[in-house]
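Architecture and fold: a report
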Amino acid sequence: MSNRIDNLLHEARRFPPTEQFAADAIAGADLYEAAENDRLQFWADRARELLHWHTPFTRTLDWSNPPFAKWFDDGALNVAYNCLDRHVLAGNGDRIALHWEGEPGDSRSYTYSELTSEVKRAANLLTSLGIRQGDRVAIYLPMIPEAVISMLAVARIGAVHSVVFGGFSAESLRSRIDDASAKLVITADGGYRKGSVFPLKQAVDAALAADGESTVSHVLVVKRGGNEVEWTEGRDLWWHDEMVAVDDEHVAKAFPAENPLFILYTSGTTGKPKGILHTSGGYLTQTAFTHRSVFDLHAESDVYWCTADVGWITGHSYVVYGPLANGATQVLYEGTPDSPHPGRWWDIIQKYGVSIFYTAPTAIRSFMKAGRQIPQQFDLSSLRLLGSVGEPINPEAWIWYRDVIGGGETPIVDTWWQTETGAIMVSALPGVTTLKPGSAQVAIPGIQIEVLDDEGHDVGLDSGGLLVVSEPWPSMLRGIWGDPERYKETYWDKFGDKYFAGDGARRDRDGDLWLLGRVDDVMNVSGHRLSTAEIESALVSHPMVAEAAVVGAEDEATGQAVVAFVIVRASQADVATADEASALLRAHVAEQIGAIAKPRTVFLVAELPKTRSGKIMRRLLRDVAEGREVGDTTTLADTQVMQIITDRLK
Ligand code: WT7
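The name recorded for the protein chain in an unreviewed UniProt entry is Acetyl-coenzyme A synthetase, from Agreia pratensis. Here is the UniProt Sequence similarities (unreviewed entry) comment for the protein chain, exactly as written: "Belongs to the ATP-dependent AMP-binding enzyme family." Under Catalytic activity (unreviewed entry), UniProt gives the following word-for-word description of the protein chain: "acetate + ATP + CoA = acetyl-CoA + AMP + diphosphate".

Considering the UniProt feature "modified residue: N6-acetyllysine" (unreviewed entry) in the protein chain
Mapped onto the present numbering, the UniProt feature "modified residue: N6-acetyllysine" (unreviewed entry) falls at Lys 615. As for its position among the elements, Lys 615 is in the loop between β30 (601–604) and α20 (618–625). Judged by C-beta crowding, with 11 C-beta atoms within 10 Å, Lys 615 ranks as exposed.

Topic: helix α19 (residues 578–592)
With 15 residues, α19 ought to run about 21 Å at 1.5 Å a step, and its terminal C-alpha atoms sit 21 Å apart, in line with that. Considering only its buried residues, α19 is in contact with α18 (532–540), β29 (559–568) and β30. Where α19 terminates, the next one or two residues include Gly 594, which has phi positive at roughly 150°.

Considering the site of the ligand
For the ligand, the set of nearby residues contains 22 residues, the closest of which are Trp 416, Gln 418, Thr 419, Leu 515 and Arg 529. Put simply, the parts of the chain that give the shell around the ligand at least two residues each are α13 (313–325), β20 (412–415), β24 (499–507) and β25 (513–518). By residue number, the principal contributor to the shell around the ligand is β24, which donates three residues. In the shell around the ligand, the residues fall into eight nonpolar, nine polar and five charged.

Here's the deal with the sheet that holds strand β19 (residues 385–389)
Taken in spatial order, the seven strands line up as β5-β4-β17-β16-β18-β19-β20 in an open sheet, and their pairing is mixed. Looking along the sheet, the strands with just one partner apiece sit at the ends: β5 (107–111) and β20. Pairwise comparison of adjacent strand axes, ignoring direction, gives a mean angle of 20° for this sheet. As paired elements, strand β4 (residues 96–101) and strand β17 (residues 329–333) share four bridges and run parallel to each other.

Quick notes on the UniProt feature "domain: AMP-binding enzyme C-terminal" (unreviewed entry) in the protein chain
When the UniProt feature table is mapped onto this chain numbering, "domain: AMP-binding enzyme C-terminal" (unreviewed entry) sits at residues 534–615. Spanning residues 534–615, this segment combines 27% helix with 30% strand, and its end C-alpha atoms are found 16 Å apart.

Observations concerning the nonpolar core
Core analysis: the biggest nonpolar cluster contains 163 residues, and Ile 139, Met 151, Leu 152, Val 185 and Met 425 have the highest contact counts within it. Take this core: its biggest share by element is eight residues, from helix α8 (residues 145–156). Beyond its immediate chain neighbours, meaning those up to four positions away, Met 151 contacts Ile 139, His 161, Val 163, Val 310 and Val 320.

So, how was this worked out
Residues numbered from 1 in each chain as written. Predicted model: local features only at pLDDT ≥ 70, side-chain atom pairs only at ≥ 80, totals over all residues. UniProt positions renumbered as here; feature names shortened; annotations may be inferred. Helix = DSSP H or I, 4+ residues; strand = E, 2+ residues; numbered from the N terminus. Buried ≥ 20, exposed ≤ 12 C-beta atoms within 10 Å, placed from the backbone. Expected span 1.5 Å × (residues − 1). Contact = placed C-beta atoms within 7 Å. Near = placed C-beta within 6 Å. Nonpolar A, V, L, I, M, F, W, Y, C, P; charged D, E, K, R; others polar. Pairing = 2+ DSSP bridges. Axes fitted to C-alpha atoms, helices over the stretch in contact; angles between N-to-C directions. Core = buried A, V, L, I, M, F, W, Y, C linked by C-beta atoms within 7 Å.

Written as structure tokens, this is what we have:
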């Protein structure tokens, strides 16, 4: 790791904004100045400038009970009204909100007027199903317009959505439904992925059939895949039947700024995912501000595309709330990048004239591998700004992205943030910052970042430490659903009043930030967060497994890959060959959690390396997984164990 960073710090290429870009840019250096002069005033100004408040706020931040923040809390607004009605009322109803592209090639566009009507209908429908302010609604949908419509309809009536990524298993869905006591599930029969239909309704049925009473009274089903579904009378309802039966008039009521907007589950260091809670006014302020200034959004002329699924925070903040609050025109794509042909994304950029494009390094690396001749078959000249998120982008990928996709001219913004931060925290501003490939660069205006050692001292320039946010920010998480203790413990106990992000970082001599990856037992696979403990507990739930240890090993394509070390129960040792057992266990993890958590490799071992106090030494397993000489083993309870493991794997 430190070798890699030393190499990175020798990265000398610099890309200042062109004069033209700087002159036309939405955000200028004055924003930093304003924020430095008065941070709270800066955010209050953004909240007033970018949003419509039904009741104006007078208090900006209440931090009297840390770490529980309240922003703009005597104000009231309606999040969906801010994303829809006000654009229509301002005369922009005919502007396209969504250019939706289905994987099989079907497409649909929605103007702001049309999207507003659909959301009003859906809001009436939810109300007719008994959903009220504060109730939780689970959304388990493919990337279709109904996903956006559902989220906004839930927000419009002051209820709380919990979007569950369509790739998660029935088990994962059920645990999220239970944790939040969801009353309603919105799903589809199925969606398209890699040329075929994957079932979703079936997983909902399985989730709700699991042991124990569920809190769900209805399942609303969008028809998308056309696949066969089973039907539970009285519980299941077709979206299209219900939507025609309700009115498309609906007056948006105002809700307090701190009304919960959504819960989104993310992996932590224990087996149980955390329900990250976000609220309304502060979240919408910071997503709208960052979307506009980091992506330099000119809403009248830009076509924006963020490739994230709405099942992740990037989809919440930079597909739904940020762009729609800003009245952007955007592309929404259902499927995979290479379906039905390897140039599908570039085809879409050409088709809609996309000008701002936001994706993840893992995707860029896989396109690099496939070769530049694929994107070069398409006209990408509409692009003027590129973004990256989810993991560090290595300089080679950065340069390739700029040269091949950006025609050698576009700025690239590398944006660091988290499910918990709600919105971008560290990034260049494209009309201001001189870009440095590989570095996420600087805190955005109004955000305070520090790099500290374990004792809470600033490590200064040029040495590694822990990334913290030292002042509360508008879109910060308000807690972990149902677990205030875990919220305090996870993020605040380490440094008292400063938020501990779980990432290592280093500032170079110019003060620019370089992200060094997670410092806890959390892996980052293709920009998705996975917990070692969660995968271990999925593995030991299989009758064949006595013990399991999981590590994230460096992987060229996915950043990190899941590698599992498993001890098979003695009684099961002869049931399957090693290859069979490892295939079986990989499939078991996919079934328990979802395909994204599937280990790349499962090694069957006789022992696991443990300290005398019984803690698994993952560092040593990582050495094995990454094919290195095994490091210092002197603190092991049994110093022979690594020899046993490596011998067995030869
Ligand atoms: C973790 C958060 C934020 C949306 C996507 C992931 C890593 C995220 C970057 C970046 C280096 C990054 C961090 C962070 N991460 N963006 N630009 N450079 N690392 O959201 O699932 O909540 O994961 O992703 O490790 O802690 P998430």
